[in-house]
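Observations on chain architecture
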Amino acid sequence: MSDLDQLTQSLARNLKRWRNERGFTLDALAARAGVSRGMIIQIEQARTNPSVGTTVKLADALGVSITTLLDHEQGPQVRIVPPDQAVRMWSTPAGSSTTLLVGTEARGPLELWSWTLMPGDVSASDPHPEGTTELLHVTAGTLTLVVDGQEHRIPAGSSAVFEANAPHAYRNDGDESATLTMAVSIPPVRRAAPPTR
């Protein structure tokens, strides 16, 4: 089985598991995530490999990390993630990429990311749920962070923190690659109330 097949199977199994654990019907999750019911069915039946944007929307709607959607197996209290188990989530032909390094569900999802943005590349994100915070540290180059239409230049060695419940994007306007480490803290989602009779 290829890595992509394993990812598709894991996502199918975990999406269904977390949707049921949260008490969401297909329609309820579709409404929360802004993803069609048909797409959720295809994902749960492992008939499609959704885009990163769709996966992020589903994770946000369920209140879990992308790591959890890809593989929810819980290990010991200390979990070491070797480099070959980090998940490449986005890449461009120019060489830009994002890699999800590790994530946890403690007190709400928390994710650690490694980013590389080549000159001229941009990665845009829809707003995350209210209370989501992103922290980032630029290790090389200069990052242009755009939050709700406002641009912020962050040079190597500098860090930033922001509430990510507005549209935001990460852009490299420079002549050299930009690398950064990012942590994303997502508030937990409460279980859906049981339907009234």
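Analysis parameters
Residues numbered from 1 in each chain as written. Predicted model: local features only at pLDDT ≥ 70, side-chain atom pairs only at ≥ 80, totals over all residues. Heavy atoms only, no water. Helix = DSSP H or I, 4+ residues; strand = E, 2+ residues; numbered from the N terminus. Buried < 20%, exposed > 50% of the residue type's maximum accessible area, 1.4 Å probe, protein only. Contact = heavy atoms within 4.5 Å. Areas by Shrake-Rupley, 256 points an atom, 1.4 Å probe, with all protein chains shown as cover. Pairing = 2+ DSSP bridges. Salt bridge = Lys/Arg side-chain N within 4 Å of Asp/Glu carboxyl O. pLDDT = per-residue confidence, 0-100. Axes fitted to C-alpha atoms, helices over the stretch in contact; angles between N-to-C directions.

Here we come to the overall build of the protein. Of the regular secondary structure elements, the protein holds five helices and ten strands. Within the protein, buried positions represent 41% of all 197 residues. In the protein, once contacts between residues fewer than 6 apart in sequence are set aside, the share between residues at least 24 apart is 64%. Carbon together with sulfur atoms contributes 51% to the accessible area of the protein, which is approximately 10700 Å² in total.

With four bridges joining them, strand β4 (residues 122-125) and strand β9 (residues 168-171) adopt antiparallel strand pairing. Each bridged residue has a counterpart across the sheet, and for Val122 the counterpart in β9 is Arg171. Inspection of the sheet shows strand β6 (residues 142-147) paired to β9 by four bridges, in the antiparallel sense. Bridge pairing links Val146 to Ala169 in β9.

Following the criterion strictly, the structure yields six salt bridges and no others. Between Asp27 and Arg37 there is a salt bridge, with the nearest N and O atoms lying 3.0 Å from each other. Placement of the pair is Asp27 in helix α2 (residues 26-33) and Arg37 in helix α3 (residues 37-44), with a sequence separation of ten residues. Here Asp27 falls in the partly exposed class, since its relative accessible area comes to 48%. Here Asp173 ties to Arg171 by a salt bridge, and the two come within 2.8 Å at their closest N and O atoms.

Looking at the protein as a whole, the pLDDT averages 84, with 87% of positions reaching at least 70. Across the protein, β9 holds the top mean pLDDT of 95, while strand β2 (residues 97-104) sits lowest at 75. Note on residues 74-78: pLDDT is under 50 here. Beyond four places in sequence and across chains, it has zero contacts.

Looking now at the sheet that holds β9. The strands making up a sheet associate through hydrogen bonds between their backbones, and the pairing can be parallel or antiparallel. Spatially, β4-β9-β6-β7 is the arrangement adopted by the four strands of the open sheet, whose pairing is antiparallel. Edge positions in the sheet fall to β4 and β7 (150-155), since each has one partner strand and no second. Here the strands of the sheet are splayed against their neighbours by 15 degrees on average, with no regard to which way each runs.

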